[in-house]
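Here is what each chain is made of, one letter per residue.
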Amino acid sequence: MAWRLRVTPQQLAKVIQCGDGVPGQLSRRLLIDLNLPVFATATALTAGEAAELTLLPWADRYPPITHSAGKIWTEGNRRFDEWLFHDDVRYCPDCLAGDGTAVQQAYGGPWKKIWHLPIAFACPDHHTFLRDACPRQHRLAAQPNRLITPTSEWVLHPAQCRDPADPDGRGRRRPCCGARLDQPQPPAFEPRPAVLNAQRRLSALLDPRTSPDNATRTFTDLRVVVSLLYLAWPASQDLLQPHSIPAIGEHVSHLNGGNRKSRDSLPRELHATAAILTAALNVLDHPDLQNALVREIQEAHTIQPSKTPLASVLDRHHTACSPTLRDTIEPAIRRYRRLAGPRGPKAPARFGGYRPEHVPAFLEDVWFDRHLAPLGCKSRLSKVLRRSAAAILVQWSAGGSLGDAANFLGINPKGGQFAFTKDLYQWLDTDPTRTSFIIALKNLAAELDTTPGLIDYQHRRDALHGWSLDEESSAFIWARVTQGEPRFAPRPIEAQQPQHTQREWLLRRGTTWHHLNREAPLAHYGALKKLLIHEADLLAATTDLISGEPAGRLG
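Remember, it's a predicted structure, so these values are computed and weren't measured experimentally.

Two elements in contact, helix H10 (residues 212-231) and helix H12 (residues 270-285), have axes whose closest approach is 9 Å; the angle formed by their N-to-C orientations is 105 degrees. Classified by the angle between their axes, H10 and H12 sit roughly perpendicular to one another. Contacts from Thr 218, Asp 221, Leu 222, Val 225, Val 226, Leu 229 and Tyr 230 in H10 reach Ile 276, Leu 277, Ala 279, Ala 280, Leu 281, Val 283 and Leu 284 in H12. Class assignment of the residues belonging to the contact of H10 with H12 gives a composition of twelve nonpolar, one polar and one charged.

Here it is in structure tokens:
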């Protein structure tokens with residue numbers, strides 16, 4: 001508009017009362033804090049059309065806009081989100097050249113809004129990297145806050161370089177460079193297809209056809225993964241293009257220097273930004289790479305896991321982070337979100353999919369054989385491993401402590417805080433084993449999420465709580481129906497006996513179970529076992545016909 005009216009943008013802003021209060025300057029804050037009613041009236045636009053010229057339509061899908069809107073900005077004291085703007089001017093010469101229509105032949109192509117965001121590094125339409133330098137071989141002046149660079153020239157085409165012709169000169173009246181930025185500029189090198197695809201994916205997240213929730217979650221996950229790549233440096237170099245490694249390494253060194261709370265800012269160098277974001281999207285697509293990065297970070301820090309930089313990153317973004325990525329990181333830092341304040345119970349780590357009542361107190365054989373048996377756990381530990389895995393699955397789905405989960409499953413009869421045995425702790429003490437255990441459980445959880453018709457084991461436990469035949473037969477049937485362990489079976493008949501009778505029954509219990517569980521039991525035990533299995537299967541089918549109320553959150 002200033003080019004059409006032959007005035008400077010600063011003069012035009014003053015006339016239509018849309019400046020930002022700083023004489024002679026127009027800052028980028030106008031892209032999120034513009035007085036829309038005043039601007040719309042002055043330009044004869046509707047409020048919606050005026051808003052489309054700003055970043056506000058993306059506020060519900062690009063979190064840095066919401067984080068920064070309304071905050072105080074001062075020169076040298078940027079209080080906006082580090083993913084809101086980059087320091088340089090970025091552009092595509094072919095886009096600025098226009099599409100050949102009469103209006104774009106007269107005024108040039110548009111300066112696109114996305115070029116202000118640090119996630120913009122390439123032009124998928126013209127298959128080229130954006131430029132951040134003038135054709136006259138001087139880098140465009142860094143302007144972290146400025147929307148348009150002030151100049152003494154009254155008549156400048158929108159595609160002309162506005163930087164001073166003499167960078168070392170002084171005063172506001174210095175002549176500007178004036179070089180046309182819309183002329184063909186041979187690139188140093190072309191972006192790879194993966195880089196262009198990454199830019200297309202990022203741009204698509206800003207499209208109104210993409211769900212705002214999905215876009216917000218993806219951008220948040222992207223920030224977390226960028227932090228993982230930085231924290232795992234230099235091991236993460238293998239995921240990056242070689243030409244970008246020096247610039248990213250310098251950026252990582254800068255982040256590690258001093259006391260910086262933010263560890264997810266993007267590099268200033270354009271090609272380094274392209275490389276880190278392309279790698280981050282690749283990591284998001286491959287959970288195995290996420291786990292590998294988390295392992296590298298764990299091995300690099302000897303301090304308490306909950307105090308590592310990785311924990312700080314997750315704290316900053318946990319509310320908008322996807323459950324899948326959160327599931328990957330939280331076990332590694334041994335920190336969980338809480339309900340009702342810092343001393344409240346742990347919040348569920350997973351939402352949707354299986355529920356606590358779908359977890360048996362003793363993992364089904366097929367689940368154990370498919371997911372946990374390949375870990376090579378010693379046979380004497382397999383029982384406590386299955387028990388502990390069940391408690392963790394319930395905790396992930398319901399929240400609360402492991403003790404709450406164990407109480408829910410009925411495997412913590414003495415109350416208190418449920419804990420792994422010493423031997424199991426020692427087996428899990430090595431990082432590869434611990435990480436493999438968590439990955440195996442996550443794979444099992446994912447399988448349960450998509451398995452139709454899961455059994456409500458909590459309903460079965462409730463239904464059989466007071467049921468009995470004779471003492472050991474009842475325990476055998478209860479264990480088969482509820483997929484639990486006989487040692488935790490309710491024993492209503494035994495509870496009514498004198499103490500000496502209870503002790504006698506306890507002493508012979510081991511012998512009875514030994515004979516029932518033998519591969520080739522004695523004849524009468526074999527016949528009894530066959531009858532008990534038949535009775536248990538009938539009872540399970542009958543119990544499942546009775547609908548039970550879904551279990552709620554623990555704790």
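Having seen the structure, we can now continue with the description.
Okay, the side chain of Ser 322 next. Assignment of secondary structure puts Ser 322 in the loop between helix H14 (309-317) and helix H15 (323-333). Using a relative accessible area of 9% as the deciding quantity, one classes Ser 322 as buried. Within the structure, Ser 322 has its side chain in polar contact with the side chain of Asp 221 (distance 2.6 Å). Setting aside residues up to four positions removed in sequence, Ser 322 forms contacts with Arg 217 and Asp 221.

Note: most residues except glycine have negative phi, and most peptide bonds are trans. Look at the link from Trp 233 to Pro 234: it is a cis peptide, with omega at 10 degrees. Positioned with a positive phi, His 127 is a non-glycine residue whose angle comes to about 55 degrees. Its place among the elements puts His 127 in the loop between strand S2 (122-123) and strand S3 (128-129). Positive phi, close to 55 degrees, is recorded for Gln 483, a residue that is not glycine.

The next subject is the pattern of salt bridges. Scanning the entire structure with this criterion turns up 16 salt bridges. Residue Arg 209 pairs with Asp 207 through a salt bridge whose shortest N-O separation is 2.9 Å. By relative accessible area, Asp 207 is classed as partly exposed at 23%. Notably, a salt bridge pairs Asp 537 with Arg 480, separated by 3.0 Å at the nearest N-O pair.

In this section: the packing of H10 against H14. Interaxial distance between H10 and H14 falls to 10 Å at its minimum, and their mutual angle equals 170 degrees. By the angle between their axes, H10 is roughly antiparallel relative to H14. Across the interface between the two elements, Thr 220, Arg 223, Val 224, Ser 227, Leu 228 and Leu 231 from H10 touch Pro 309, Leu 310, Val 313, Arg 316 and His 317 from H14. By residue class, the composition of the contact of H10 with H14 is six nonpolar, three polar and two charged.

Mean pLDDT over the protein works out to 79, with 78% of the residues at or above the 70 mark. Ignoring residues within four places in sequence, the model shows residues 73-78, a span with pLDDT below 50, making 14 contacts including any to other chains. The low-confidence segment residues 548-555, where pLDDT is below 50, has 15 contacts with residues more than four positions distant or belonging to other chains.

This part covers the packing of aromatic side chains. The relative placement of two aromatic rings is captured by the distance of their centres and the angle of their planes. Summed over all chains, the structure comprises four aromatic pairs. Residues Tyr 62 and Phe 219 carry aromatic rings whose centres are separated by 4.8 Å and whose planes lie at 90 degrees to one another, so their mutual orientation is edge-to-face. One end of the pair, Tyr 62, is in the loop between helix H5 (47-52) and helix H6 (63-68); the other, Phe 219, is in helix H10, with 157 residues separating them in the sequence. Judged by its relative accessible area of 0%, Tyr 62 is buried.

For Ala 232, the position within the fold is in the loop between H10 and helix H11 (245-256). Excluding residues within four positions of it along the chain, Ala 232 makes contact with Leu 293, Glu 296 and Ile 297.

So, about the environment of Leu 409. Relative to the helices and strands, Leu 409 resides in helix H18 (residues 402-409). The exposure class of Leu 409 is buried, given its relative accessible area of 2%. C-alpha of Leu 409 to C-alpha of Ala 391: the two residues are 18 residues apart in sequence and 7.3 Å apart in space. Sequence-distant contacts of Leu 409, defined by excluding residues within four places in its chain, comprise Val 359, Pro 360, Ala 361, Ala 390, Ala 391, Val 394 and Arg 461.

The terminal C-alpha atoms of H11 lie 16 Å apart, and with twelve residues this matches the ideal 16 Å at 1.5 Å per residue to within 8%. For H11, the complete set of buried residues consists of Ile 248, Gly 249, His 251, Val 252 and Leu 255. Taken around the axis of H11, the buried residues stretch over an arc of 160 degrees, which confines them to a single face. Facing away from the buried side of H11 by over 90 degrees, the exposed positions are Pro 246 and Glu 250. Of the surrounding secondary structure, the elements contacted by the buried residues of H11 are H10 and H12.

About the criteria used
- Residues numbered from 1 in each chain as written.
- Predicted model: local features only at pLDDT ≥ 70, side-chain atom pairs only at ≥ 80, totals over all residues.
- Heavy atoms only, no water.
- Axes fitted to C-alpha atoms, helices over the stretch in contact; angles between N-to-C directions.
- Helix = DSSP H or I, 4+ residues; strand = E, 2+ residues; numbered from the N terminus.
- Parallel < 35°, antiparallel > 145°, perpendicular 65-115°, else oblique.
- Contact = heavy atoms within 4.5 Å.
- Nonpolar A, V, L, I, M, F, W, Y, C, P; charged D, E, K, R; others polar.
- Buried < 20%, exposed > 50% of the residue type's maximum accessible area, 1.4 Å probe, protein only.
- Polar contact = N/O pair within 3.5 Å; in protein donor to acceptor, adjacent residues only side chain to side chain.
- Salt bridge = Lys/Arg side-chain N within 4 Å of Asp/Glu carboxyl O.
- pLDDT = per-residue confidence, 0-100.
- Phe/Tyr/Trp six-rings, centres within 6.5 Å; stacked < 30°, edge-to-face > 60°.
- Expected span 1.5 Å × (residues − 1).
- Arc of directions from axis to C-beta.

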